[in-house]
Amino acid sequence: MKRVAVLLLLATTLFAAPPEKWYDAYKRGVLAINAKNYRDGATAMQRAIGEMPNEAVNLRAGRELITYT
């Protein structure tokens, strides 16, 4: 029984979705705010801030340069 539980735990961690990158949350937040969906925008921005709390100018996010404030 313990082996089954351990195998299930390992399977869930191996096949779980990768964590969202801060810049994905940032871009999602910008899109939501531009669409006047402020609640979802604020939630996404808080997630981005939690992952990347420091502001930066000309920060590389994927293939783009952004001003992260």
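Keep in mind the model is a prediction, meaning the values are calculated, not measured. Sequence order as written defines residue numbering, which begins from 1 separately in each chain. Side-chain atom pairs in this predicted model are given and counted only at pLDDT of 80 or more, local residue features only at pLDDT of at least 70, and totals for whole chains, interfaces and linings cover all residues. Side-chain calculation: all heavy atoms of the structure are included, whereas hydrogens and water are not.

**Here's the deal with the packing of aromatic side chains**
Right, on to step 1. Under the pairing criterion, centres of Phe, Tyr and Trp rings, with the six-membered ring standing for Trp, must be within 6.5 Å; the plane angle then separates stacked pairs below 30 degrees from edge-to-face pairs above 60, leaving the rest tilted. Applying the stated criterion to the full structure yields three aromatic pairs.
Right, on to step 2. Consider the rings of Tyr26 and Tyr68, whose centres lie 5.3 Å apart with planes at 65°: the pair is edge-to-face. Of this pair, Tyr26 sits in helix H2 (residues 22–34) while Tyr68 is found in strand S2 (residues 64–68), placing the two residues 42 residues apart along the sequence. Note on accessibility: Tyr26 and Tyr68 belong to one class, buried.
Right, on to step 3. A connected cluster of aromatic rings, assembled from ring pairs, spans Trp22, Tyr23, Tyr26 and Tyr68. Under the DSSP-based scheme used, a helix requires at least four consecutive residues in state H or I and a strand at least two consecutive residues in state E, with every element numbered from the N terminus. Burial classes: relative accessible area under 20% of the type maximum marks a residue as buried, over 50% as exposed, and values in between as partly exposed (1.4 Å probe, protein chains only).

**As for the pairing of S2**
Right, on to step 1. Here, a strand pair is defined by DSSP locating no fewer than two bridges between the strands. Note that strand S1 (residues 56–61) and S2 share four bridges and pair antiparallel. Paired with Ala56 across the strands is Tyr68, a residue of S2.
Right, on to step 2. Hairpin connection, S1 to S2: the antiparallel pair is bridged by two residues, and Gly62 has positive phi, about 70°.

**Examining unusual backbone geometry**
Right, on to step 1. Phi is positive for Lys36, close to 65°, though the residue is something other than glycine.
Right, on to step 2. Mapped onto the secondary structure, Lys36 falls in the loop between H2 and helix H3 (38–51).
Right, on to step 3. On the accessibility criterion, Lys36 (63% relative accessible area) is exposed.

By themselves, these observations are geometric and do not establish any function.
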